[in-house]
Each structure stands twice: as structure tokens, then as C-alpha cells.
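Topology and contacts: notes
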Amino acid sequence: MIRSKNPWLRWLAVWWVVVGAIGLLFVAGFSIAHFYYGMQLYDPKSGLAVSPFVTAWILGGMASGFALFAGIGAAILANRG
């Protein structure tokens with residue numbers, strides 16, 4: 001467990017949670033725009049639309065990263081003595 005009284009660690013953890021939450025909202029909005037409203041992602045090299053599987057893979061990876069970021073910040077805040 002991390003038991004630190006450093007104010008910069010709490011500040012950093014709060015911003016990790018904020019950035020992670022904003023990133024998750026971005027991914028959720030992009031997912032809704034793509035899968036519900038039909039906005040396509042395009043490959044910049046070929047100009048062709050990316051398949052739904054690849055889009056889900058990209059958005060899932062982004063969501064996992066942002067969730068991990070927010071989770072680490074939340075864990076630091078929860079374990080701060």
C-alpha cells in the first residue's frame with residue numbers, strides 16, 4: 001500500500017483520475033458516433049473505411065488505457081493514509 005503524505009502525489013492522482021475519466025467519456029462518445037450513427041474511421045494510407053472489428057479493437061485499447069490510468073489514480077487516492 002502507498003501511504004504517503006506528499007501533497008503532490010494526491011494532486012497527481014486526482015489529475016490521473018480526471019484525465020482517465022475524460023478519456024473514457026471521449027471513447028464512449030466516439031463509440032456511440034461510430035456504431036450507432038454510422039460515422040466511419042478511414043485508413044489514411046488507402047482511404048478505405050476501417051472494419052468494425054478493427055474499430056472496436058482500437059476503441060477497446062483506448063478505453064482500457066484510460067481505465068487503467070483512472071484506476072491507478074483512484075488506487076493511490078484510496079490508499080493514501
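Now for a description of the structure that goes with this document. Bear in mind that the values here come from a model prediction, so they are computed numbers and not experimental data. (Residues numbered from 1 in each chain as written. Predicted model: local features only at pLDDT ≥ 70, side-chain atom pairs only at ≥ 80, totals over all residues. Heavy atoms only, no water.)

With that out of the way, let us pick up the packing of aromatic side chains. For the coordinates displayed, the defined rule picks out four aromatic pairs. The interplanar angle of 45° and the centroid separation of 5.5 Å between the aromatic rings of Trp16 and Phe69 together place this pair among those described as tilted. Here Phe69 lies in helix H2 (residues 52-78) and Trp16 lies in helix H1 (residues 7-35), a separation of 53 residues in the sequence. Take Trp16: its relative accessible area is 25%, and that puts it in the partly exposed class. Overall, the relative accessible area of 32% leaves Phe69 in the partly exposed class. Judged by centre distance (4.8 Å) and plane angle (85°), the ring pair of Tyr36 and Tyr37 falls under edge-to-face. Like Tyr36, the residue Tyr37 is exposed in the burial classification. (Phe/Tyr/Trp six-rings, centres within 6.5 Å; stacked < 30°, edge-to-face > 60°. Helix = DSSP H or I, 4+ residues; strand = E, 2+ residues; numbered from the N terminus. Buried < 20%, exposed > 50% of the residue type's maximum accessible area, 1.4 Å probe, protein only.)

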